[in-house]
Amino acid sequence: MIRIKELLRISMGAFLVVSWVSGAKSSGLREALQDDSAEYILEGREEIEKDLGFYGEGKEDKRFTIFGEGNEIEAVAGGVRGIIVRQGEELNINDVEGIKGFARVLENSGSINIRNSKVNSGEIYNEGELNIEESKIEGRVVAGEGSKGRVNIVSGKADFGKTGRLIQKELRIEEGAELAIRAENLEIRDKTNNAVQNRGRVILGGGELRTRIEGGELRLNSGKIVTRADNLMAARIVNNSTLELSGGELRKDISGYGITNIHGDVVTGKNIKGRVNVASNGSLDIGSNEVTLGSAQVDGTIKMKIDDLSAGSDAYTGGKLKVTNHLDLNNASSKLQLTIDAGKLDKETKTGELQLIEAGTTDGEFAQTIANNRYTITFAGNGKYTVEYTQDARETVAEAGGSANNAAAAEAWDNVSGLSGAAEEVRQALNDLSQNDAQGYLKALKAVATTDSRKNLRVVKEVNNLIGNEIARRQEMQGRSSGDAMETTGGWMEVLGNYAKQDSTSDTTGFTGKTAGFALGLDGKVNEDTTVGLGYAFARTTVDADSGDTDVDGHTLFVYGKYQPSHAYVRGVASYGFADYTEKFNVAGVSAKADYDTDNIGLQAFAGYDMDNGFTPEAGFRYIRQMQDGYTDSLGQHVETDDVNLLTAVASVKYTKNYTVDNAVMTPKARFGLTYDLVSDNNPSDVNIGNVSYRIEGEHLERLGAEAGLGLEANVDNWTLSLGYDLGLRKDYQSHTGMMKLKYEF
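Model, not experiment: these values are computed from the prediction. Each chain carries its own residue numbering, running from 1 in the direction its sequence is written. Where totals are concerned, whole chains, interfaces and linings use all residues; where local detail is concerned, this predicted model gives features only for residues with pLDDT of at least 70, and gives and counts side-chain atom pairs only at 80 or more. Calculated side-chain values reflect all of the structure's heavy atoms, with hydrogen atoms and water omitted.

Any two strands between which DSSP finds at least two bridges are classified as paired. Strands here are runs of E lasting at least two residues and helices are runs of H or I lasting at least four, both read from the DSSP assignment and numbered beginning at the N terminus. Taking strand neighbours across the sheet as the criterion, the 4 strands line up as E50-E51-E55-E56 in an open arrangement whose pairing is antiparallel. Each edge of the sheet is formed by a strand with only one pairing partner; in this case those strands are strand E50 (631-632) and strand E56 (692-696). Taken together, the 2 bridges between E50 and strand E51 (residues 638-641) define a ladder with antiparallel strand orientation. Paired with Tyr631 across the two strands is Val639, which belongs to E51.

Following this line, the structure appears as structure tokens:
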């Protein structure tokens, strides 16, 4: 039976469709819905064979209330949708014992309030607002398309049991309300704030928690919960549950007497009341904080930091681990890793006995009492240790196989003071690495002294070579075999591409450079023996290195000419270039940036002889002078770089032969040459940071190199299409250049 009372206003044009209801007369229901207001009260169990549509298409908002009084609604036909609530509508479900059998129980774009009711199965598709009060949801609550939808736990307990899933963009739990759900069934899909906004209480069962719980109370009630520490703003672990932390930062205390297992690196300054197990693949980093644990089993690593200490004294400022009950240390695998702030002890001085660990009772000892690269830490018994400063930053670099540049940067950053922000983070990170990870220390030092790689000069060199090689190809057309093809003015344009790779060495950070751009020019004959031209080139280069990336936008203006009265000839190129550099680098996890400009002058001069058999021997010189502006990076390092000169001698032989195919002239080309750097400045840079400075000497490439090239040119009427490839090789360095040119002669 269905009773209709005056409670709900059904706007004109809105309708409720119940295709068939057991024990109800459809005609009576239709008559009732023609009233201006209505209330829908269930009496007994109702079975629905087809969709129960709830549509409001009138101009006014529509509200509809189902009073179940402990009764059930059940679909008896598979795939039946339940109730559809459109935007601007509101549906209240009160005291319904069960809604089940529907593939999609509720489809909501408006507002649904579920009070003291139960959804046994199926899916609630929510892209509106869903408010839950003292109800049980055993199906799925799923966010709408585009992760729309918000769920509010208003009051009482929203119990999702073992099977219920909650997948939403936004979830809020009001003060005094409670959400109970398995951790693995809770998911927030908001990319900007992947968190539950909790003012009440969240009770989690087992599984993996992939979302963050902010505020309120979090209780781990049963089973094993796996998550990152970042997801827990506060938690209580009851006796029969286990928290498995896979890493991250724990920002709030964990109460309760359950078990916390640590796998991965967990950072915290907070207390854990229950038992803590640090697995062999885990670490608990307490930094400079005093942290208390209920009891602990340590198979992995305990990390702490000392901010201040002095020779001969037991007093110190820094981390301290307290264990209220029992501490069990694995004699085979446990490790205590201690990091001491720089500049606190003089070389070869030693502290008194520092009480780093306090425990009710202790079994075992740390298997590794800190394999510190720069300090000798000695166990003095009963949780006490002495610290002796034995190795400075330069000695640490040398022992790890680093370069003189690494040592200079290490000494400066070890002695600098008065830093803040990112620069202070870098100082602390370098100090930590110097003591605990020598190879990581070298990598970070190469990153912080980025001018070490001389990649800027190599970018300029490759661009100038691109231009020079193209002009050489262009000028080959003025050879004796070309007839009078250049007697008129000609314009040309070329697409440029280059890939260069510098291998990492002990002295420098390796990198790869990718260049794309174009060159265009205009030239013509002054007389029968002489041709001159001018042009412009743009090149965009991306340099990828282990330490970071550099983006370069370069512009080059150039003039060129060739004089060839007979077989012998001379040719030359003069250029001026300027470029904007944006360098982004990472030092031990700290991001930094630098912006600066460079100018460069380039000269190329060659002499050669065109032989009748197609071979052309050629020799000459290439010169580059690079002038880099001083700059200050985002860490506060001010860098002044000396101008650098590079003079290279080149000797090569080329082969060119023409073939006529119909009305086209095909010209294959090949070239091989050797290069040798006669002058190669070391490109030194002076770096100032805070109250210290250091000098970086740029490394040299191997002076001897080899070049090779292949090309094909097709001439049809006034049009010329050219394809080319050049290879440059030196020890630990290679360059690959591709070229495509289209030319038209007027």
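Picking up after the structure, the text goes on.
Here we come to the packing of aromatic side chains. Classification of ring pairs rests on two measures: the distance between centres of Phe, Tyr or Trp rings, Trp counted by its six-membered ring, which must be within 6.5 Å, and the angle between planes, read as stacked under 30 degrees, edge-to-face over 60 and tilted in between. The tally for this structure, following the rule as stated, stands at 10 aromatic pairs. With 6.2 Å between their ring centres and 40° between their planes, Phe518 and Phe538 make a pair best called tilted. Of the two residues, Phe518 is situated in strand E44 (residues 511-525) and Phe538 in strand E45 (residues 530-545); the sequence distance between them amounts to 20 residues. Burial classes follow relative accessibility: with a 1.4 Å probe on protein chains only, a residue under 20% of its type's maximum area counts as buried, one over 50% as exposed, and anything between as partly exposed. Assessed through its relative accessible area of 17%, Phe538 is described here as buried. For the ring pair Tyr581 and Tyr596, a centre distance of 5.2 Å and an interplane angle of 10° mean the geometry is stacked.

This part takes up helix H3 (residues 404-415). Multiplying 1.5 Å by the helix residue count minus one yields the expected span of that helix. Its 12 residues place the ends of H3 17 Å apart at the C-alpha level, agreeing with the 16 Å of an ideal helix rising 1.5 Å per residue. Among the residues making up H3, those that are buried are Asn405, Asn406, Ala407, Ala408, Ala409, Ala410, Ala412, Trp413 and Asp414.

This part takes up the sheet that holds strand E42 (residues 384-389). Taken in spatial order, the 3 strands of this open sheet run E39-E42-E41, and their pairing is antiparallel. The open sheet has two free edges, formed respectively by strand E39 (354-355) and strand E41 (375-381), since each of these has just one partner strand. Where E41 lies against E42, 6 bridges are found, and the strand directions are antiparallel. Across the sheet, Thr376 pairs through a bridge with Glu388, a residue of E42.

For the rest of this paragraph, the subject is a negative patch on the surface. Every patch collects residues that have over 30% relative accessible area and no salt bridge, joining them within 9 Å if they carry like charges and within 5 Å if they are nonpolar side chains (Val, Leu, Ile, Met, Phe, Trp, Tyr). In short, Shrake-Rupley with a 1.4 Å probe defines the accessible areas, and a residue's cover is counted only from the protein chains shown. When a carboxyl oxygen of Asp or Glu lies within 4 Å of a side-chain nitrogen of Lys or Arg, that pair is called a salt bridge. Here Asp and Glu are counted as negative and Lys and Arg as positive; His is not counted, and neither are the chain ends. In this description, the location of a charge corresponds to atom NZ of lysine, CZ of arginine, CG of aspartate or CD of glutamate. On the surface, Asp580, Asp595, Asp597, Asp629 and Glu640 cluster together into a negatively charged patch. With respect to the helices and strands, the residue Asp595 is situated in strand E48 (residues 590-609).

Even without being glycine, Asp95 reaches a positive phi, approximately 60°. Following the sequence through the fold, Asp95 ends up in the loop between strand E9 (90-94) and strand E10 (98-100). The partly exposed category is assigned to Asp95, whose relative accessible area is 32%. In this structure, Asp732 takes a positive phi of about 70° despite not being glycine. Within the secondary structure, Asp732 sits in the loop between strand E58 (719-730) and strand E59 (733-745). The partly exposed category is assigned to Asp732, whose relative accessible area is 30%.

The subject of this paragraph is the nonpolar core. Take the buried Ala, Val, Leu, Ile, Met, Phe, Trp, Tyr and Cys residues and link them wherever side-chain atoms come within 4.5 Å; each set so joined is a nonpolar core. In this structure, Leu204 and Leu356 are the most contacted members of the largest nonpolar core, which totals 81 residues. The contact criterion used is simple: two residues touch if any of their non-hydrogen atoms lie within 4.5 Å. Not counting residues within four places of it along the chain, the set of residues in contact with Leu204 comprises Ile181, Ala183, Leu186, Leu209, Leu218, Arg219, Leu220, Asn221, Ser222 and Ile225. One finds Ala407, Leu419, Val448 and Ile689 within the second-largest nonpolar core, a separate group that totals 48 residues.

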